[in-house]
Structure formats: structure tokens, C-alpha cells
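Summary of the model geometry
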Amino acid sequence: DTAVSQTPKYLVTQMGNDKSIKCEQNLGHDTMYWYKQDSKKFLKIMFSYNNKELIINETVPNRFSPKSPDKAHLNLHINSLELGDSAVYFCASSQDFQGAKPAFFGQGTRLTVV
Amino acid sequence: DAKTTQPPSMDCAEGRAANLPCNHSTISGNEYVYWYRQIHSQGPQYIIHGLKNNETNEMASLIITEDRKSSTLILPHATLRDTAVYYCIVPRSGTYKYIFGTGTRLKVLA
């Protein structure tokens, strides 16, 4: 059983398109995250949700819109894709965002915008 | 934004202990030290975390100095599969937002 799963694993799309990446966790965690890893391998937090509520938004362009239908899912929708959006996107979850709770990551979605 | 400093790279012979240092001189009293690793382009993998006492689990040991300004992750018997980038992270107090720095690229040599 995969604890944090993302779909799709690979996504190739043209500039200007709108795409979504889905994330699901079966750990019963309250907090979920989206991270972006660019070509230089820097991992940067984008968003965090706790119990379906946004708690962290790291000045990400508003073309990126996270949606949490329930606490087990945090999807990432990207409008008007740009070349610079090409990266690996990682979803993660933790039990909650208070106290010493480690985060567990999915295997990533490699997005290529052409 | 990383509050930690790690050497960019290290080599370790297979079967030997790998000791990965991390400086976090501005750590606050209630902030934890976390270690993660990323093997190739897989998702980061949680290893261990601690506050002030030394910690050990099935993957590694974490030694935190008494003043808490530095720590060392110890992989007791490194294998080729431990080749990865290791990240030492001190989440900002009250946020538990993991800020990944550049980490240490550990290469385990046969």
C-alpha cells in the first residue's frame, strides 16, 4: 500500500494548457503539502493544507490552485502552463502541523511543459 | 531560507559508518532537527528527528550536541543503496514548514 500516491507520474503538455495533479494519502494525516523541485534540484514548499484549510501559501503564482476535497486528498491545478513550470512536484503529508510530526512524501510528478 | 549548513558532498566506503554533520547555530529551544534523504529523483524519505537527546531507529542514529547548535546523522553500516542527498532541516518554530537546503550528497563507494 502506497502511503502517499500521486498521479500522474509523468505529464507532458503544451504551454497555455491547464492541468491537474492528484494526491492521496492513506495515513489518516490531517496536513498535506505540495513541493516543487526545479532543475537545480531545490525543493521548495508551495502550499500546505490542514484539515482542508489552507495554512501555508508561499507566494506561488495564482495560476496554481490547490484543492482539498477532503483531508485525504490535495490536488494541484495549474492554469495557463508556462515553460518555467517544468519541474517535479511532490505531495507530502504529516499527522498534523504542530509538534514533531515528520512528513511523508509521494514519488513525484514530473511535469514537462513544451 | 535554510537555517542549516551541511557539507556539499561526502564519500563513504561500503560497510563503514557514514557520519553526516549539520550546523544549526540559530536553533531555538523548541525546534526539532529532522533528517531526510532523497535517492536519485525519488520523493524525500524521512529518516529521523530529535530535540535534544540522541535518537536511534532502524535506519540511523542522530547525535545532537549539548548546546544543540550542531548534529550528526550516523548510518552505522553504509550500503550502496544509501547513496543519496541528505537534508538536515530545522522547521521554523510554530510552522513545521520544511525548508530544504542543498543537503549533502553522500556517495557510498564499493
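This text follows the structure it describes.
Here the structure is a predicted model, which is why all the values come from computation and not from measurement.

Side note on the interface of chain B and chain A
- At the junction of the two partners, chain B supplies 17 residues and chain A supplies 22 residues.
- Carbon and sulfur atoms supply 57% of the area buried between chain B and chain A, which totals about 1,700 Å² over both sides.
- Taken together, the connections running from chain B to chain A amount to two residue pairs in polar contact (both at pLDDT 80 or more).
- The set of elements that each furnish at least two residues to the side of chain B that touches chain A consists of strand S3 (33–38) and strand S4 (45–50) of chain B.
- The element contributing the most residues to the side of chain B that touches chain A is S3 of chain B, with three residues.
- A breakdown of the residues in the side of chain B that touches chain A according to their chemical character gives nine nonpolar, seven polar and one charged.

Brief notes about the pairing of strand S5 (residues 43–50) of chain A
All names here are of chain A.
- Among the eight residues of S5, seven are classified as buried, and the element is accordingly described as predominantly covered.
- Bridge analysis of strand S4 (residues 31–37) against S5 gives seven bridges, and the strand direction is antiparallel. For Tyr 33, the partnering residue across the bridge sits in S5 and is Ser 48.
- For S5 and strand S6 (residues 53–57), the ladder comprises four bridges, and the chain directions are antiparallel. Bridge assignment links Asn 50 to a residue of S6, and that residue is Glu 53.
- Here S5 hands over to S6 after two residues, with Asn 51 in that stretch at a positive phi of 50°.

Re the state of the cysteines
- Going through the model one piece at a time under the given rule, you end up with two disulfides over all chains.
- In this model, Cys 23 of chain A is linked to Cys 91 of chain A through a disulfide, with the two sulfur atoms separated by 1.8 Å. Taking the sign of the torsion about the S-S bond as the criterion, the disulfide between Cys 23 of chain A and Cys 91 of chain A, at about -80°, is left-handed. In this pair, Cys 23 of chain A sits in strand S3 (residues 19–25) while Cys 91 of chain A sits in strand S9 (residues 87–94), placing the two residues 68 residues apart along the sequence.
- Under the relative-accessibility criterion, Cys 23 of chain A is labelled buried at 1%.
- Covalently, Cys 22 of chain B is tied to Cys 88 of chain B through a disulfide, its sulfur atoms 2.1 Å apart. Because the sign of the S-S torsion sets the handedness, a value of about -80° for the bond joining Cys 22 of chain B and Cys 88 of chain B places this disulfide among the left-handed ones.

About the criteria used
Residues numbered from 1 in each chain as written. Chains lettered and ligands numbered in written order. Predicted model: local features only at pLDDT ≥ 70, side-chain atom pairs only at ≥ 80, totals over all residues. Heavy atoms only, no water. Contact = heavy atoms within 4.5 Å. Buried area = accessible area lost by both parts, 1.4 Å probe. Polar contact = N/O pair within 3.5 Å; in protein donor to acceptor, adjacent residues only side chain to side chain. Helix = DSSP H or I, 4+ residues; strand = E, 2+ residues; numbered from the N terminus. Nonpolar A, V, L, I, M, F, W, Y, C, P; charged D, E, K, R; others polar. Buried < 20%, exposed > 50% of the residue type's maximum accessible area, 1.4 Å probe, protein only. Pairing = 2+ DSSP bridges. Disulfide = S-S within 2.5 Å.

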